[in-house]
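Architecture at a glance
So the chains spell out like this:
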Amino acid sequence: MKTQILFILIWSLVTSSPLPAHGLQKSQEAVRDTNTLGHLLKTGKFYGHARSYWSATLNQKRLTDYYAWGLGAGIGYQTPKFFQRFQLGISSFFIFNLASSDLASPDPATSIVNRYEIGLFDIERPNNHQDLGRLEEFYLKAHLGKKSILTIGRQIPETPFINPQDGRMSPTLTEGAVLDIQEWQHLKLHGEYLWRISPRSTMRWFGVGESMGIYPVGVGIDGVPSQYKGQTDADFMAIFGVTYRKKKWEIQLWDTYVDNVLNTFFVKTEWRSQAKGGTNWLAGAQFTMQNTTGNGGNPNALIAYAQPGSGTVVISTRVGQESARFDWYLNATHIGSAGRYLMPREWGKEPFYTFMPRERNDGFGDLTAATVNTRFKPGKHIDLTLSGGYFHLPDVRNFRLNKYGMPGYSQVNLGITYQFDRYLKGLSAFLLVVRKDKLGRVYGNDRYIFNKVNMVHANLILNYRF
C-alpha cells in the first residue's frame, strides 16, 4: 500500500497531471481496506504446535507395567495491534490416544492406578479416547508504556510455582489478569490475579480451590487418606514478583498467596562470574518460607488442604560452571522438619535446584536432597544431559512429614535432545530415561514401591512448532 501511495505522489509531481480515474479508485480502495476487520485478521500471527509423546513405565517384578502413545496438534492466532495498543489471542489443542495400556485398571497387587501414562490424556476420564480438546489461550493484551503489558484471560503461566510443567501432552494454563512492568533497565515487576486453572492432563477449567485434589491426594497427618478434594475453599490466587538483574547478579523475590490456604514467599539470588575462555562460574541460593492462611481451605481440619498454624522453610543452593559446550552443577536442598512443604501438583513444578523431572518434593518435610546435573553439547544439533540425585525422606510411616508414602530414593536421568534444521526446522526430538531405586524402608508393602521406586520410566517426545 505504501508503495502505491508513493507511486501516486511521484506520478503527480512528475507529470503535474491527474492519474487515470481507475488507478486512483484502486488506490482509494487499498487505503480503505487497511481499516477493515479482514485486513486486521490477515496481518496477524498464526502459530502451531504438533506433539507426539510415547511413554512407558517398567515396574518391579509382579507389579504392572504401562505404556501409552499420544498425538496432539494445536493452532493459535494473535492479532496485530489495534487502537495502537491492544491485541487479541486465541489457541486450542487436541489430543488423540493412538495406543495405550488400560490406564483405568489398577495394579492387582496394590489396587493403585497408573501414575505417569494416564497424564497423556484426561486424568479424570482415563478411558476417554474422544473429546480430548481444550481451548488453551483466549486473552486480551494491552501494551502500557514502552515495555509493560497487561494480559487478561486464558494464558500460559510462568512463575516459580505456577508454570506449564511441560512433562505431558499439554501444559497447565491459568485464567486471570497478569501485569508485567519493565520500564526500567534492571528491574522488572510482575503481578497476577488468577481465578481459574486448567491443570495439565485435564480437559476442563476449574476454580482455584476446585483444582486442588484432581491428582492423587496422599494421606493426612493422621495417616488417613486425605479428603480435601472438592472440599477446598479458595476463590483466587495472587502472585507478586520482583526481578533485578545487573552485571553479574540476579535477584528474584516472589510471593504466591492462595486465598484461605497458603502463602509461599520465595527469594533467589544468583551470581555469575565474567566469562574467561568461554567459561563462567555460577553460585545460587534460594530461600522459601511457607505458612497456612485462613483455615487451610476448610474449617474442618480433617478435610483441610493445609493444617492451620502449620508451615515450613526450604533452603536450596547451587554451584557450577557453564560454557557453550559443557555445564555442570552441584545442588543441595533441605526442607525443614516443622511441617510439610505443600504446593498442589496440579499447578506446576517446583523451582528448587535439586528438582529432577518425573518426581516432586511436594508433601514432604525433613527432606535432604543432593543432585549433580551435567549438560554436554557435542555438536550443533545435539544436547546430552545426565543427572543423578540422592533424596533422603522421612520414613513412609511418618505421616506428618510424608504425604505420599514415598521412601528415600536415588534417581538417575539421561536426556538426549536433537534439533532439526533446514526443511525440518522447528522439529525437535527428546528422549528421557529415568531410573529410581529405593533407599528407605518399605516394610514389605508394595504400595510404597509401585510407580515410585525400583522402576524405569522412559519418554520419547517429538515437538514441531511453527
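What you see is a predicted model; the values in this text were computed from it and never measured.

1. Digging into the overall build of the chain
Of the regular secondary structure elements, the chain holds 3 helices and 19 strands. Projecting the C-alpha coordinates of the chain onto the three principal axes gives extents of approximately 100 × 50 × 50 Å. The buried share of the chain, reckoned over its 466 residues, is 48%. In the chain, 62% of the contacts between residues at least 6 apart in sequence involve partners at least 24 apart.

2. Brief notes about a positive patch on the surface
Residues Lys246, Lys247, Lys248 and Lys276 make up a contiguous surface patch of positive charge. As for its position among the elements, lysine 246 is in strand β9 (residues 237–246). Relative accessible area serves as the criterion here: at 36%, lysine 246 is assigned to the partly exposed category.

3. Details of the nonpolar core
Core analysis: the biggest nonpolar cluster contains 58 residues, and Met237, Val258, Tyr305 and Trp347 have the highest contact counts within it. Within the residue set of this core, elements represented by two or more residues are β2 (66–78), β3 (86–100), β7 (187–198), β9, β10 (249–258), β11 (262–272) and β15 (367–376). Residue contacts for valine 258: discarding those within four places in its chain leaves Val208, Ala234, Phe236, Met237, Thr293 and Trp347.

4. Some points on the pairing of β11
Inspection of the sheet shows β10 paired to β11 by 10 bridges, in the antiparallel sense. When the bridges of β11 are listed, glutamine 252 appears paired with lysine 268. Between β10 and β11, which pair antiparallel in sequence order, lie 3 residues; one of them, asparagine 260, sits at a positive phi of approximately 70°. Sheet topology places β11 next to strand β12 (residues 279–292); 11 bridges connect them, and they run antiparallel. The residue bridging lysine 268 from the neighbouring strand is glutamine 286, located in β12.

5. As for the environment of lysine 147
If you trace the backbone, lysine 147 turns up in the loop between β4 (133–144) and β5 (148–155). Counting along the chain gives 36 residues from lysine 147 to glutamate 183, while the straight-line C-alpha distance between them is 5.9 Å. Other than its neighbours up to four places away in sequence, lysine 147 contacts Asp180, Gln182 and Glu183.

6. Here's the deal with the environment of arginine 245
Relative to the assigned elements, arginine 245 resides in strand β9. On the accessibility criterion, arginine 245 (45% relative accessible area) is partly exposed. Placed 42 residues apart in sequence, arginine 245 and methionine 203 show a C-alpha to C-alpha distance of 38 Å. With residues up to four places along the chain from it excluded, the contact list for arginine 245 reads His186 and Glu250.

7. Considerations on unusual backbone geometry
Its identity as a non-glycine residue notwithstanding, arginine 62 has a phi of 75°, on the positive side. Within the secondary structure, arginine 62 sits in the loop between β1 (45–58) and β2. The phi angle at lysine 247 is positive, at roughly 50°, despite the residue not being glycine. Mapped onto the elements, lysine 247 comes out in the loop between β9 and β10.

8. Quick word on the pairing of strand β18 (residues 427–438)
Looking at chain direction, strand β17 (residues 409–419) and β18 are connected through 11 bridges and run antiparallel. Bridge assignment links valine 412 to a residue of β18, and that residue is arginine 435. In the sheet, β18 pairs with strand β19 (residues 455–465) via 10 bridges, with the strands oriented antiparallel. Paired with valine 434 across the strands is histidine 457, a residue of β19.

9. Regarding the confidence of the model for the chain
Of the residues in the chain, 92% have a pLDDT of 70 or more, and the chain-wide mean is 92. Here residues 1–21 is modelled with pLDDT under 50, and outside its nearest four sequence neighbours on either side it reaches 12 contacts, counting other chains as well.

10. Considerations on the pattern of salt bridges
Counted under the stated rule, the structure contains 18 salt bridges. Here aspartate 446 ties to arginine 62 by a salt bridge, and the two come within 2.9 Å at their closest N and O atoms. Taken together, the residues span a long stretch of sequence, with aspartate 446 in the loop between β18 and β19 and arginine 62 in the loop between β1 and β2 at a distance of 384 residues. Judged by its relative accessible area of 60%, arginine 62 is exposed. Close ionic contact of aspartate 421 with lysine 380 constitutes a salt bridge, the shortest N to O distance being 3.8 Å. You can see aspartate 421 sitting in the loop between β17 and β18 and its partner lysine 380 sitting in the loop between β15 and β16 (382–392), a full 41 residues away along the chain. Via salt bridges that share partners, Asp327, Arg375, Lys377 and Asp383 belong to a single interconnected network.

11. Structural notes on the packing of aromatic side chains
Across all of its chains, the model carries 14 aromatic pairs by this definition. Geometrically, the ring pair formed by tyrosine 193 and phenylalanine 236 is stacked, given 5.1 Å between the ring centres and 20° between the ring planes. Of the two residues, tyrosine 193 sits in strand β7 while phenylalanine 236 sits in the loop between β8 (206–207) and β9, which places them 43 residues apart along the sequence. Judged by its relative accessible area of 40%, tyrosine 193 falls in the partly exposed class. When the centroid spacing of 4.7 Å and the interplanar angle of 10° are considered together, the rings of phenylalanine 391 and tyrosine 409 count as stacked. Of the two residues, phenylalanine 391 is situated in strand β16 and tyrosine 409 in strand β17; the sequence distance between them amounts to 18 residues. Given a relative accessible area of 2%, tyrosine 409 falls into the buried group. Put simply, the rings of Tyr193, Trp195, Phe236 and Tyr257 touch in pairs and so form one group of aromatic residues. For the cation-ring pair, arginine 345 lies above tyrosine 404, with the distance from its terminal atom to the ring centre recorded as 4.0 Å. In this structure, lysine 436 is placed above the aromatic ring of tyrosine 409, and the distance from its NZ or CZ to the ring centre is 5.9 Å.

Conventions adopted
Numbers given for residues are sequential positions, taken from 1 along each chain in its written order. Whole-chain, interface and lining totals are the exception, using all residues; otherwise, since this is a predicted model, local features are given only for residues with pLDDT of at least 70 and side-chain atom pairs are given and counted only at 80 or more. With hydrogens and water stripped out, all remaining heavy atoms of the structure feed into the side-chain values. Where helices and strands are cited, they refer to DSSP runs of H or I of at least four residues and of E of at least two residues respectively, numbered from the N terminus. Only protein chains enter the accessibility calculation, which uses a 1.4 Å probe. A residue is then buried if its area is under 20% of the maximum for its type, exposed if over 50%, and partly exposed in between. Only heavy atoms enter the contact rule, under which two residues are in contact if any of them lie within 4.5 Å. What makes a patch is a set of residues exposed beyond 30% relative accessible area and free of salt bridges, joined within 9 Å when like-charged and within 5 Å when nonpolar (Val, Leu, Ile, Met, Phe, Trp, Tyr). For the accessible areas, the method is Shrake-Rupley and the probe is 1.4 Å, while residue cover comes only from the protein chains on display. Just to be clear on terms, a salt bridge is a Lys or Arg side-chain nitrogen sitting within 4 Å of an Asp or Glu carboxyl oxygen. Here Asp and Glu are counted as negative and Lys and Arg as positive; His is not counted, and neither are the chain ends. The atoms used to mark charge sites are NZ of Lys, CZ of Arg, CG of Asp and CD of Glu. We define a nonpolar core as any set of buried Ala, Val, Leu, Ile, Met, Phe, Trp, Tyr and Cys residues linked to one another through side-chain atoms lying within 4.5 Å. Two strands pair if DSSP finds at least two bridges between them. A score from 0 to 100, pLDDT tells how confident the predictor is in each residue. Working definition: rings of Phe, Tyr and Trp (its six-membered ring) pair if their centres are within 6.5 Å, and the pair is stacked with planes under 30 degrees apart, edge-to-face with planes over 60 apart, and tilted otherwise. By definition, being over a ring means that NZ of Lys or CZ of Arg is both within 6 Å of the ring centre and within 35 degrees of the ring normal.

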